[in-house]
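# Structural overview for review
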Amino acid sequence: MNLDGKTLVVTGVASGIGAATASLLQQNGATVIGVDRNVPAEFSGTFIQGDLSTPEGVAAVADRVPEGVAGLLNIAGVPGTAPWQTVLAVNVFGVRDLTRLLAPKIADGGAVVNLASNVAAGWAARQLEVARFVQAADAAEALAAVAGDPEVTGNSYRFSKECVRWLTQVQASEHLGRVRVNSVSPGPVQTPILEDFKKDHGREKVEGAVALLGRAGQPQDIAEVIAFLLSPQASWINGTDLCVDGGLSAHRTVTTLASAAV
Ligand SMILES: NC(=O)c1ccc[n+]([C@@H]2O[C@H](COP(=O)([O-])OP(=O)(O)OC[C@H]3O[C@@H](n4cnc5c(N)ncnc54)[C@H](O)[C@@H]3O)[C@@H](O)[C@H]2O)c1
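Quantities reported herein were computed from a predicted structural model and do not represent experimental measurements.

What counts, and at which threshold
Residues numbered from 1 in each chain as written. Predicted model: local features only at pLDDT ≥ 70, side-chain atom pairs only at ≥ 80, totals over all residues. Heavy atoms only, no water. Helix = DSSP H or I, 4+ residues; strand = E, 2+ residues; numbered from the N terminus. Rg over C-alpha atoms; globule rule 2.2 N^0.38 Å. Buried < 20%, exposed > 50% of the residue type's maximum accessible area, 1.4 Å probe, protein only. Contact = heavy atoms within 4.5 Å. Areas by Shrake-Rupley, 256 points an atom, 1.4 Å probe, with all protein chains shown as cover. Lys, Arg positive; Asp, Glu negative; His and termini not counted. Charge placed at Lys NZ, Arg CZ, Asp CG, Glu CD. Salt bridge = Lys/Arg side-chain N within 4 Å of Asp/Glu carboxyl O. Core = buried A, V, L, I, M, F, W, Y, C linked by side-chain atoms within 4.5 Å. Near = heavy atom within 4 Å. Polar contact = N/O pair within 3.5 Å; in protein donor to acceptor, adjacent residues only side chain to side chain. Arc of directions from axis to C-beta. Phe/Tyr/Trp six-rings, centres within 6.5 Å; stacked < 30°, edge-to-face > 60°. Pairing = 2+ DSSP bridges. Axes fitted to C-alpha atoms, helices over the stretch in contact; angles between N-to-C directions.

A count of helices and strands for the protein gives 11 helices and 7 strands. For 262 residues, the compact-globule estimate of 2.2 N^0.38 gives 18 Å, and the protein sits close to it at 18 Å. Taking the principal axes of its C-alpha atoms as reference, the protein extends roughly 55 × 40 × 35 Å. Within the protein, buried positions represent 49% of all 262 residues. Residue pairs at least 24 apart in sequence account for 76% of intrachain contacts in the protein once pairs closer than 6 positions are excluded. Summed over its atoms, the accessible surface of the protein is roughly 12,100 Å², and 54% of this surface lies on carbon and sulfur atoms. Taken as two groups, the 19 positive and 25 negative side-chain charges of the protein have centres that lie 3 Å from each other.

Turning our eyes to something else, we now look at the pattern of salt bridges. Counted by the stated rule, this structure contains 13 salt bridges. With a closest N to O distance of 3.7 Å, Asp-241 and Arg-165 form a salt bridge. Taken as a pair, Asp-241 in strand β7 (residues 241-244) and Arg-165 in helix α7 (residues 156-174) lie far apart in primary sequence, 76 residues in all. Grouping residues by exposure puts Asp-241 and Arg-165 together as buried. Between Arg-203 and Glu-195 there is a salt bridge, and its shortest N-O distance comes to 3.0 Å. For Arg-203, a relative accessible area of 40% corresponds to the partly exposed category. Overlapping salt bridges bring together Arg-126, Glu-151, Arg-158 and Glu-162 as one network.

We now examine the nonpolar core. Among the nonpolar cores identified, the biggest contains 26 residues, and Leu-25, Leu-73 and Ile-226 are the most heavily contacted of them. Of all the secondary structure elements, the ones that give two or more residues to this core are β1 (7-11), α1 (16-27), β4 (69-74), β5 (106-115) and α10 (219-230). For this core, the leading source of residues is α10, giving 7 residues. The residues touching Leu-73, leaving out its near neighbours within four places in the chain, are Val-9, Val-10, Thr-11, Thr-21, Leu-25, Val-113, Ile-226 and Leu-230. Among the nonpolar cores identified, the runner-up in size contains 19 residues, and Val-35, Leu-52, Ala-76 and Ala-172 belong to it.

A few words on the site of the ligand. Residues in close proximity to the ligand total 31 residues, the closest being Ser-15, Asp-36, Tyr-157, Val-189 and Thr-191. Contact distances for the ligand include 3.0 Å between an oxygen atom and a backbone N or O atom of Ile-75. Gly-187 places a main-chain nitrogen or oxygen 3.5 Å from an oxygen atom of the ligand. Within the complex, the protein chains bury 96% of what would otherwise be the 830 Å² of accessible surface of the ligand. Elements supplying a minimum of two residues to the shell around the ligand: α1, α7 and α8 (193-201). Broken down by element, the shell around the ligand gets its largest block of residues, 3 residues, from α8.

What follows covers helix α4 (residues 127-134). Considered for burial, the residues of α4 that qualify are Val-130, Ala-131, Phe-133 and Val-134. Taken down its axis, α4 places every buried residue within 165° of arc, on the same side. For α4, the exposed residues lying more than 90 degrees away from the buried face are Leu-128 and Arg-132. Where α4 is buried, its residues touch α3 (84-102), α5 (139-146) and α7.

For any two aromatic rings, the description comes down to two numbers: the centre-to-centre distance and the angle of the planes. Under the defined criterion, the tally for this structure stands at 4 aromatic pairs. Where Phe-93 meets Phe-133, the ring centres are 5.0 Å apart and the plane angle is 45°; that geometry is what we call tilted. Here the residue Phe-93 occupies a position in helix α3, and Phe-133 occupies one in helix α4, the gap between them amounting to 40 residues. A relative accessible area of 4% means that Phe-133 is categorised as buried. Between Phe-133 and Phe-159, the aromatic rings sit 5.4 Å apart at their centres with planes inclined by 70°, giving edge-to-face as the arrangement. Of this pair, Phe-133 sits in helix α4 while Phe-159 sits in helix α7, and the two are 26 residues apart along the sequence. In this structure, Phe-133 and Phe-159 share a single accessibility class: buried. Put simply, the rings of Phe-93, Phe-133 and Phe-159 touch in pairs and so form one group of aromatic residues.

Glancing now at the sheet that holds strand β3 (residues 46-49). The strand order across the open sheet formed by 7 strands is β3-β2-β1-β4-β5-β6-β7, and the pairing between neighbours is parallel. Of all the strands in the sheet, just β3 and β7 have a single pairing partner and so form its edges. Each adjacent strand pair in this sheet contributes to an overall mean axis angle of 20°, direction not counted. With 3 bridges connecting them, β1 and β4 associate as parallel partners. Residue pairing across strands places Leu-8 opposite Gly-71, the latter belonging to β4. Most of the contacts of α3 go to β4, to which it runs at about 175°, and overall it touches β1, β4 and β5.

Keep in mind these values describe shape, not function.
Have a look at this one:
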């Protein structure tokens, strides 16, 4: 892949998938503008320290990004062990609002990749709630509106990634013919967030899934797919999700249906 002369904005650059993606893009010639609330231990591009959990924080980051970037990779995210308001603020409104503010700065033919998750596979069952939440004009009002809904507050990470699945289609539709927008849905990947997933979803469930697959995903597995979605080879892929989970979702669907069919 030749990314010479392209500048890409990568959020979540201080850890895990964001760090691996930034490094892969740089190895292929890209200039990377990294964004994170934490200062990365190893990162050689331009770094913007910022907090994507508030509209003000998002706007401050967007202000520092120059015109003409080739794409935006919304990789920063928080697990369901954080307060539900933070999970939804960063994973949904951080992605929505940063993309909204940076879209005019993305050159024609550019691309956006959002990080969803394989836990959002059933998102269509909650399509209306998801659409209502994502399109709320005011994030604080949207959070207040779901405060009494345990399906959302008790499963905030899953709901946030369901919102990312829908948001990706909304953004692709909004920028049709100019900027492509896709999401990637990883299964369990060996990064610091995995320990939080064990606390949130159950240690046995996560470790059982990894055992079934033979290994956890590695940040590089996801970075390669994100890089592909930016490439000219992916120029007809738009508004969709690529599940990168070693086959876990397929296996769960097959075994659930097979046992129901008995
Ligand atoms: N690792 C997995 O198993 C897995 C599976 C599915 C989806 N994902 C998604 O992939 C993305 C990357 O996760 P990861 O595994 O690299 O996790 P990670 O914890 O290693 O990295 C997340 C990064 O996001 C940054 N971040 C969090 N809140 C922020 C904020 N308010 N402002 C700015 N930066 C903030 C963190 O500082 C961190 O550097 C996330 O969106 C996550 O939900 C991960």
